[in-house]
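Letter by letter, the chains look like this.
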Amino acid sequence: MSPARLPTAAALCLSVVMLAAPVTAATAWEDIRASLYGDRPITEAGTHIAVESPYRTGNDARTPIGIRVTGPNGRLVDRVSVILDENPMPVSAVLDLARPMPSVFFEVTLRFNGPTPLHVVAETADGQLYVTEAFVKTSGQGACAAPPGTDPDAALASLGEMTIEMQAPASSGDAAARLGALAGREARVDVNISHPSHSGLQMDQISLLFIPMRYVETLDIDLDGQPYAQVTGSISLSENPRIGLSAPGATRSVGVTMTDTDGTVTRAERSLPGY
């Protein structure tokens, strides 16, 4: 990973501070870009970054955003940042790969505070930056400040519980043929996390006091006992967020460790049955 780039935790904190002064949709990205990347050049990604996002959110509080990044000109993808320009914490989710890869798919469920440009920035192993932009309209729920959708006590009781889903690519033939085919193909891992993702902007409907900020800070994913990726979250993560990643087709086991901003740490593991 490039030593020159801003550490993720600092970037997330910076994103909250900079929103203290009002900005417009026309200028927010320029401010965010300068704060995160300084004067480093950022190239338009073209077809190398594909974003799956709705024209208008069906549910401001829970909208899946899917991203496919392919390294331009044979470069390897190292980091992917998802930025909702007009959210209170614009840097919404960051994917760091333990080992850079030619291509990666990343999906995350986010809450949208209002209509906003969406920027995805990919950094390659040699420090090059690439960006693409979309725009997402919303239904006006103001999801970052909307009351929690679940009972706070019930949410805390199950906080940190996780389920892992693994989708291996289909294959046929004898065992040796299947192993050979899987080694070069892509599978998918999805992690469902039980967490209220309190934004710090929500009000308890009984006490009328603000609920303290608490969200998934990091999600560390191991494949077959080796570090694979880390996802850094923010208050933009939806309640009970779902995070999906592409994975090598031959993956047999997944381990996930969640750490939230209150220091709670939980772990889940799952093994894929034989081919």
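The rules we used
Residues numbered from 1 in each chain as written. Predicted model: local features only at pLDDT ≥ 70, side-chain atom pairs only at ≥ 80, totals over all residues. Heavy atoms only, no water. Pairing = 2+ DSSP bridges. Helix = DSSP H or I, 4+ residues; strand = E, 2+ residues; numbered from the N terminus. Axes fitted to C-alpha atoms, helices over the stretch in contact; angles between N-to-C directions. Contact = heavy atoms within 4.5 Å. Buried < 20%, exposed > 50% of the residue type's maximum accessible area, 1.4 Å probe, protein only.

K.L.:
Can you lay out the sheet that holds strand S2 (residues 49–52) for me, pointing to particular residues and giving the numbers?
P.N.:
Consider a sheet: its strands pair through backbone hydrogen bonds, and that pairing is either parallel or antiparallel. With respect to topology, 6 strands assemble into an open sheet ordered S2-S3-S6-S13-S10-S9, the strand pairing being antiparallel. Strand pairing shows two members of the sheet lacking a second neighbour, S2 and strand S9 (162–167), which therefore form its edges. Ignoring which end each strand starts from, the neighbouring axes of this sheet average 15 degrees apart.

K.L.:
So, the environment of Gln 128: which residues are in play, and what are the values?
P.N.:
Counting through the fold element by element, Gln 128 comes out in the loop between strand S7 (116–124) and strand S8 (129–136). Here the alpha-carbon distance between Gln 128 and Arg 75, two residues 53 residues apart in the chain, equals 9.0 Å. Apart from the residues lying within four places of it in its own chain, the contact partners of Gln 128 are Arg 75, Ala 122 and Glu 123.

K.L.:
Describe the sheet that holds S7, naming the residues involved and giving the relevant values.
P.N.:
Here we have 9 strands laid out as an open sheet, ordered S1-S8-S7-S4-S5-S12-S11-S14-S15, and mixed in their pairing. With one partner strand each, in any of the chains shown, strand S1 (42–44) and strand S15 (265–271) form the two edges of the open sheet. Across the sheet, the mean angle from the axis of one strand to that of its neighbour is 20 degrees, orientation sign disregarded.

K.L.:
Run through unusual backbone geometry, naming residues and quoting values.
P.N.:
Backbone geometry at Ser 197 places phi at a positive 50 degrees, although glycine is not the residue there. Note that Ser 197 resides in the loop between strand S10 (186–193) and strand S11 (216–223). Among the residues examined, Ser 197 registers a relative accessible area of 0% and is labelled buried. At Asn 240, a residue that is not glycine, the phi angle is positive and equals roughly 45 degrees. Its place among the elements puts Asn 240 in the loop between strand S12 (226–232) and strand S13 (242–248).

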